[in-house]
Amino acid sequence: MLIRSATSEVLAAQPPAYRPLLAAHLRRPAVIAILLAILVLSFLALRYAHQEAAGRLDRTLDTYIRIHLRQDETLTRALISLADPLPAAILVAAIAGAAAIARRWSGVILVLGGTLTAVMISEGVLKPLVGRLRYGHLTFPSGHTTAMVAIAIATAILVTGGQRPRSVALRLCASVSAIVIAASVAIALVAQHVHYATDTVAGCCVAVAVVLALALGLDLFARVFDRS
């Protein structure tokens, strides 16, 4: 009885084991996704640097999107409003709060740090550096798209690797829903003439590269720390 009690006290004193953000079999695909995102972003940045006119890809995608979505302005404006600073900040706080309740502190860092870093890179570094204009405003990459995709990817990582809900199907559905909403915001930005399609693709690339790189970095740091 004394041995059992002592063992229980030792286990209770130990912190919960670290749960990786990315499973081992997902790390290589994540690295590939980061590299592809950087390549696409670099190509688009060089192609559209200091330009204002739409490229051939923009004209094709923009025309298709506007034909099918322009008439539904209520929906597209509502989607765009989700990525405005205040609603986006509320989303980030809610997701980070849920991760904190679950004691998944790496998830808190991923949501807060990943989203903030991605948006800062898009707005503070790449927009002035690339200098693409639309109606006199810097648009490449799209900051709205960057924020929403960063939130969606962080959410998908936390939900798929979490313990709640217990149903795998529900976790998969929640992850896909977050990504679909982010993609819908990007499409709505094009439909409302706020961005070119390539601006939103670039914003997506920034979010993918930053959030996945941060997830890999946090997992690596945890493994190194456990070994020390």
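Scroll up to find the structure this text is about.
The shown structure was predicted, so the numbers you read here are calculated from the model rather than taken from an experiment. (Residues numbered from 1 in each chain as written. Predicted model: local features only at pLDDT ≥ 70, side-chain atom pairs only at ≥ 80, totals over all residues. Heavy atoms only, no water.)

### Here's the deal with the pattern of salt bridges
On inspection of all chains with the given rule, the structure shows three salt bridges. Asp58 serves as the salt-bridge partner of Arg132, at 2.7 Å between the closest nitrogen and oxygen. In this pair, Arg132 is assigned in the loop between helix H6 (105-130) and strand S1 (133-134) and Asp58 in helix H3 (residues 56-69), connecting sequence segments 74 residues apart. We classify Asp58 as buried; its relative accessible area is 0%. Glu123 is the partner of Lys127 in a salt bridge, and the nearest nitrogen-oxygen pair spans 3.1 Å. (Salt bridge = Lys/Arg side-chain N within 4 Å of Asp/Glu carboxyl O. Helix = DSSP H or I, 4+ residues; strand = E, 2+ residues; numbered from the N terminus. Buried < 20%, exposed > 50% of the residue type's maximum accessible area, 1.4 Å probe, protein only.)

### With respect to the packing of aromatic side chains
Enumeration over the complete set of coordinates arrives at zero aromatic pairs. When the ring centre of Tyr48 is taken as origin, the NZ or CZ atom of Arg132, which lies over that ring, is 4.1 Å away. Over the ring of Tyr196 we find Arg134; its NZ or CZ atom is 4.1 Å from the centre of that ring. (Phe/Tyr/Trp six-rings, centres within 6.5 Å; stacked < 30°, edge-to-face > 60°. Lys NZ or Arg CZ within 6 Å of the ring centre and 35° of its normal.)

### Remarks on the packing of H6 against helix H7 (residues 143-160)
Here H6 crosses H7 at 160°, and the two axes come no closer than 9 Å. On the basis of the axis angle, H6 is roughly antiparallel to H7. Classified by chirality, the crossing of H7 by H6 is right-handed. Here H6 contributes Gly107, Leu110, Val111, Gly114, Thr115, Ala118, Val119, Ser122, Glu123 and Lys127 to the contact with H7, which in turn contributes Gly143, Thr146, Ala147, Ala150, Ile151, Ala154, Ile157 and Leu158. Its residues assigned to classes, the contact of H6 with H7 shows 10 nonpolar, six polar and two charged. (Axes fitted to C-alpha atoms, helices over the stretch in contact; angles between N-to-C directions. Parallel < 35°, antiparallel > 145°, perpendicular 65-115°, else oblique. Left-handed = near helix turned anticlockwise from the far one by under 90°. Contact = heavy atoms within 4.5 Å. Nonpolar A, V, L, I, M, F, W, Y, C, P; charged D, E, K, R; others polar.)

### Things to note about the packing of helix H5 (residues 85-101) against H7
Two numbers describe how H5 lies on H7: the axes approach to 11 Å, and their chain directions differ by 15°. The orientation of H5 relative to H7 falls into the category roughly parallel. Seen from above, H5 lies across H7 with left-handed handedness. Contacts from Ala88, Leu91, Val92, Ile95 and Ala99 of H5 reach H7 at Met148, Ile151, Thr155 and Leu158. Broken down by class, the residue content of the contact of H5 with H7 amounts to eight nonpolar, one polar and no charged.

### Digging into the side chain of Thr200
Inspection of the secondary structure assignment puts Thr200 in helix H9 (residues 197-227). In this structure Thr200 comes out as buried when scored by relative accessible area, which is 8%. Filtering out sequence-adjacent residues up to four positions away, Thr200 remains in contact with Ser142, Thr145, Ala186, Leu189, Val190 and His195.

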